[in-house]
Amino acid sequence: DVTAAAAPLPPCLVGCLVSTMGAETSKMSPAVLGAFGKMAKQDCPDDKFWGSLLSTPSSITAIPADAVRKIIKEQPANVARLSRACVGRMHQACSVQDVRGMPPVDRTAVLNCASMLTSLLPVLFEGEAEHGLVETVWWRGVMPGADAEQQQQQAMPLAEPLMSCILCLLLRPGIGCEMAGCDPSRKLADSALSRSCDRPRTQLLKLLLVTCSQTLYVTPDQYKRTDNRWLRYYSAQPPQLIVPIVRSWLATIFSYDPVGMGIPYSSSLSGSDTEEEVVDATLHALIACLDYTPPPGEGAPG
């Protein structure tokens, strides 16, 4: 049992993966289900196909793991195209200083990208020893099946750009925080405005946690001598980026009142408290990042 053997990893990652990989009953529109069925049957190089999928007006909460496995087995190039399309759309959103000004369909597209990657990456990590798509597509940026010349011309690494997008969007008003700069001194913990970003922020935090989870799929020996490149990247970011993110996380955690209206943890009864969800995801992200230690022989991140 690789997961149990690699127990030094924060347990929060295990819980995150249980929620993201258990997507067999996810609710997707017939159009989205049809698109994923097409991805498993044929090569889809047309940019219009990917643009249409990402721009679907309905929210995509998760992708069934079996559907992802089938695409990996039958059409691995489509995995690379889906990954590139999602990271590209998230990168476009990072160029907008205030996401509140984006059309609703574009905001939904960004969250759909985050949701699809949250479902896609654990399945890729799970079978990396067989297909090598994480290394090939995400770190080297190579399309599966490309020849040497195409690999050199079309290389587009995705791992660091994705992590950069996550950190960027966590600071963007309208999706990752309520106000410019995520100044915790201005956080309106009890206002309706402060709750408006809970769901998108939770989705981004879940994606951050999933990117850190590849360690769950290695052997104990590999765990001891292999660095987690995802966590290393997050830990090596400059203070001007990390400080406002950590301050916003701490503000989210310490402003949470579990008693609420007088019934402790009442959201357990109603199942509708977005604040508890974002606090839970924030705590997990903070623990995972603080727990990171480079393997022996590795220098501390910059």
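Scoring rules and cut-offs
- Residues numbered from 1 in each chain as written.
- Predicted model: local features only at pLDDT ≥ 70, side-chain atom pairs only at ≥ 80, totals over all residues.
- Heavy atoms only, no water.
- Helix = DSSP H or I, 4+ residues; strand = E, 2+ residues; numbered from the N terminus.
- Buried < 20%, exposed > 50% of the residue type's maximum accessible area, 1.4 Å probe, protein only.
- Contact = heavy atoms within 4.5 Å.
- Areas by Shrake-Rupley, 256 points an atom, 1.4 Å probe, with all protein chains shown as cover.
- 1 Å grid on protein atoms, 1.4 Å probe; cavity = no way out; pocket = protein on both sides within 12 Å on 5 of 7 lines; lining within 4 Å.
- Points joined across faces, edges and corners; volume = space filled by probe spheres on them.
- Nonpolar A, V, L, I, M, F, W, Y, C, P; charged D, E, K, R; others polar.
- Expected span 1.5 Å × (residues − 1).
- Salt bridge = Lys/Arg side-chain N within 4 Å of Asp/Glu carboxyl O.
- Phe/Tyr/Trp six-rings, centres within 6.5 Å; stacked < 30°, edge-to-face > 60°.
- Axes fitted to C-alpha atoms, helices over the stretch in contact; angles between N-to-C directions.
- Parallel < 35°, antiparallel > 145°, perpendicular 65-115°, else oblique.
- Left-handed = near helix turned anticlockwise from the far one by under 90°.
- pLDDT = per-residue confidence, 0-100.

1. Digging into the overall build of the protein chain
1) Next: The helix and strand inventory of the protein chain stands at 18 helices and 0 strands.
2) Next: By the burial criterion, 50% of the 302 residues in the protein chain qualify as buried.
3) Next: For the protein chain, long-range pairs separated by at least 24 residues make up 76% of all intrachain contacts whose partners lie at least 6 apart in sequence.
4) Next: A total accessible area of about 14400 Å² is found for the protein chain, and carbon and sulfur atoms account for 56% of it.

2. A short note on the layout of surface pockets
1) Next: In this structure, the second largest pocket encloses a volume near 410 Å³.
2) Next: Lining the second largest pocket are 18 residues; nearest its centre among them are Glu128, Gln214, Tyr217, Val218 and Thr226.
3) Next: Elements that contribute at least two residues to the lining of the second largest pocket include exactly α7 (104–126), α8 (128–131), α9 (133–139) and α15 (229–235).
4) Next: Looking at which element gives the most residues to the lining of the second largest pocket, the answer is α9, with 3 residues.
5) Next: Broken down by class, the residue content of the lining of the second largest pocket amounts to 7 nonpolar, 6 polar and 5 charged.

3. A closer look at α7
1) Next: Between its terminal C-alpha atoms α7 stretches 34 Å, which fits the 33 Å expected from 23 residues at 1.5 Å a residue.
2) Next: With 17 of 23 residues buried, α7 is to be regarded as a mostly interior element.

4. A word on the environment of Phe36
1) Next: Mapped onto the secondary structure, Phe36 falls in helix α3 (residues 30–41).
2) Next: Through-space distance from the C-alpha of Phe36 to that of Ile71 is 8.0 Å; in sequence the pair is 35 residues apart.
3) Next: Not counting the four nearest positions on each side in its chain, Phe36 is found in contact with Met28, Leu53, Ile63, Ile71, Leu82 and Met116.

5. Some words on empty space enclosed by the protein
1) Next: Enumeration according to the criterion identifies 2 cavities of 30 Å³ or more in this entry.
2) Next: In this structure, the second largest cavity spans a volume of roughly 40 Å³.
3) Next: Along the walls of the second largest cavity sit Phe36, Val68, Ile71, Val79, Leu82 and Leu120, which together make up its complete lining.
4) Next: Secondary structure elements with two or more residues in the lining of the second largest cavity: α5 (65–74) and α6 (76–94).
5) Next: Of the residues in the lining of the second largest cavity, the class split is 6 nonpolar, no polar and no charged.

6. Side note on the pattern of salt bridges
A side chain with one charge can pair with a side chain of the opposite charge if their charged atoms come near.
1) Next: Evaluated as defined, the whole model comprises 7 salt bridges.
2) Next: The salt bridge involving Asp198 is made with Arg201; its shortest N-O contact spans 4.0 Å. Remark: Arg201 and Asp198 occur in helix α13 (residues 198–211); sequence separation between them is 3 residues, near one turn of the helix. A single burial state applies to Asp198 and to Arg201, both of which are buried.

7. Focus on helix α11 (residues 159–169)
1) Next: Most of α11 sits inside the fold, with 8 of its 11 residues counted as buried.
2) Next: Turning to α11, the residues buried within the fold contact α6, α7, α9, α13, α15 and α16 (239–254).

8. Some thoughts on the packing of aromatic side chains
1) Next: Within the structure shown, the criterion is met by 6 aromatic pairs.
2) Next: Ring geometry for Phe49 versus Trp50: centroids 4.9 Å apart, planes at 85 degrees, classification edge-to-face. The pair Phe49 / Trp50 is uniform in exposure class, with both members buried.
3) Next: Centroid distance Trp139 to Trp230: 5.1 Å. Interplanar angle 70 degrees. Geometry classified as edge-to-face. In this pair, Trp139 is assigned in helix α9 and Trp230 in helix α15, connecting sequence segments 91 residues apart. The pair Trp139 / Trp230 is uniform in exposure class, with both members buried.
4) Next: In textbook terms, an aromatic cluster arises when at least three aromatic residues are bridged by ring pairs, as seen for Phe125, Trp138, Trp139, Tyr217 and Trp230.

9. As for the packing of α5 against α7
1) Next: Axis separation between α5 and α7 bottoms out at 10 Å; the angle between their running directions is 60 degrees. By the angle between their directions, the pair α5 and α7 is classed as oblique. In the crossing of α5 with α7, the sense of the turn from one axis to the other is right-handed. Residues Ala65, Val68, Arg69 and Ile72 of α5 form the contact with α7, whose participating residues are Leu120, Val123, Leu124 and Glu126.

10. As for the confidence of the model for the protein chain
1) Next: Within the protein chain, residue pLDDT values average 79, and 75% of them lie at 70 or more.
2) Next: Across the protein chain, the secondary-structure element scoring lowest on mean pLDDT is helix α1 (residues 2–5), at 37, and the one scoring highest is α11, at 95.
3) Next: The model gives residues 1–12 a pLDDT under 50, and that stretch makes 20 contacts with residues more than four places away or in other chains.
4) Next: Low pLDDT, under 50, characterises residues 184–193; the stretch is placed with 14 contacts to residues that sit more than four places away or in other chains.

11. A word on the packing of α7 against α13
1) Next: Interaxial distance between α7 and α13 falls to 9 Å at its minimum, and their mutual angle equals 20 degrees. Classified by the interaxial angle, the pair formed by α7 and α13 is roughly parallel. Taken as a pair, α7 and α13 cross one another with a handedness that is left-handed. In this structure, α7 uses Leu111, Ala114, Ser115, Leu117, Thr118, Leu121, Pro122 and Phe125 to contact α13, whose residues at the interface are Pro200, Gln203, Leu204, Lys206, Leu207, Val210 and Thr211.
2) Next: Split by residue class, the contact of α7 with α13 holds 10 nonpolar, 4 polar and 1 charged.

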